[in-house]
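Structural features, examined
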Amino acid sequence: MDTVFLSSCSGYDWEALQQAVAQQFDALELNQLLSPGMKVVIKPNLVVKAAPDAGIATHPLVTAAVALQIRKSGAEVSIAESPGGLYTPAALKSIYAACGYDKMAEEFHIPLNLDCTHQQVPAPDGKRCRVFPVITSIAEADLVVDIAKMKSHCMTMLSGAVKNLFGVIPGLMKPEFHCRFPEKPAFHEMLVDLCQTIKPAICFVDGIIAMEGNGPTGGKPRFMGVLAGSKNPYALDMACAAMMNMEPMEVLMLREAAERGLCPDSLNRIRFLGEPLDSLRAEDFLQPESKTSNFIEKLPGFMQPMATRLATPYPKIKTRQCIGCGKCAESCPQHTIQLEGSPKKAHIDYSRCIRCYCCHEMCPAHVIEIKRLSLFNF
């Protein structure tokens, strides 16, 4: 039976974090996975430049607590990430600095990866993908530790341990996968393929300050006060979904994982340690505005494609506040966004927009909203 450990945390107090992490390592028997000299790479969620308490990035002290616990085994530990946008040493340094990782790494002597090469890693059991471009540090690791951030997500509904691994794909190669798999079911199948390729052995989700609403970067910080851990990223995300007032099997990647036998299809078949799951549920957790409406499934088959297109929310740029940085255009897999006028402002060609919300996710000024036709606002 898969096991998930839930630790209640009142904040990012260093001593309390160390204690919680050590307790989870013991209870989940994570130390048995480690050995002296092993090359361990931690993959946090550093999708964009964000302050540690903004609810966007994995808090640096959570990562540090896990890294120091790993180091006790004699393993070599480092941190690697490929955020959205350009994947260059300069871009990585700026992300690490903005998220507080440079100071943390210096204080605790934890190396930060600056190698921006990648390798083609086979996915022999993949349903949608049989090979992935993976950043070299992750591809060559003996063991991968996945430390995600608990966030709602406009495309995948939930950003947790499984979605966090999309960050092992180098920078601007990520939009290519949105372009290859514009339909949600196929994209979620690809995410499971990727998770099965990377096979993180140790997984945590930083839900002390989470993000609700239009995540993963444009939502609102939400105190949830939980650090969750497991060996199984899918079971861990099922627990996170429940705490975020989501039905786990309505999250397509988790339903896909359950159908493949990678996790149970019910929370009742997961063993919970630490705090009771029900004590950590937030029934008022704000969902992303892009959440699918169930009524479409009840329509006749021939009506569903058009209804889905009309009901699917779309990104809308608040033109006056647009700073013309071009990050949205850079991240758009279909190249539907152009900078026009003087001063330069971003404009979307909706005829080719696939509603992946990459522009919303990568906008540093948070001026791209998720809108739905008024007919479907209920």
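Residues numbered from 1 in each chain as written. Predicted model: local features only at pLDDT ≥ 70, side-chain atom pairs only at ≥ 80, totals over all residues. Heavy atoms only, no water.

Okay, empty space enclosed by the protein next. Think of a ball as big as a water molecule: rolled over the atoms, this probe shows where empty space is left. Evaluation of the coordinates by the stated rule reveals 3 cavities of 30 Å³ or more. Quantified by volume, the largest cavity comes out at close to 300 Å³. Forming the boundary of the largest cavity are 26 residues, of which Val47, Lys163, Phe166, Lys174 and Glu361 lie nearest the centre. Where the lining of the largest cavity is concerned, the elements lending two or more residues are strand E6 (143-153), helix H6 (161-164), helix H7 (174-180) and helix H13 (358-362). (1 Å grid on protein atoms, 1.4 Å probe; cavity = no way out; pocket = protein on both sides within 12 Å on 5 of 7 lines; lining within 4 Å. Points joined across faces, edges and corners; volume = space filled by probe spheres on them. Helix = DSSP H or I, 4+ residues; strand = E, 2+ residues; numbered from the N terminus.)

A separate point is unusual backbone geometry. Cis geometry marks the peptide bond from Gly215 to Pro216, where omega comes out at 15 degrees. Looking at where Pro216 falls in the secondary structure, it is placed in the loop between strand E8 (202-212) and strand E9 (220-230). Following Ser342, the chain continues to Pro343 via a peptide bond in cis, the omega torsion being 0 degrees. Phi angles above zero are rare outside glycine, and Glu29 is one such case at about 55 degrees. In the Ramachandran plot, His335 falls in the positive-phi region, its phi being about 55 degrees despite a non-glycine side chain. Topologically, His335 is positioned in the loop between helix H12 (327-331) and strand E12 (337-340).

Quantified by volume, the second largest pocket comes out at close to 300 Å³. Forming the walls of the second largest pocket are 17 residues, and the residues nearest its centre are Val48, Lys49, Ile95, Lys327 and Met362. Among the secondary structure elements, those contributing two or more residues to the lining of the second largest pocket are helix H3 (89-98) and H13. Of the residues forming the lining of the second largest pocket, the biggest block, 4 residues, is contributed by H3.

Such coordinate-based values are descriptive only and should not be taken to indicate function.
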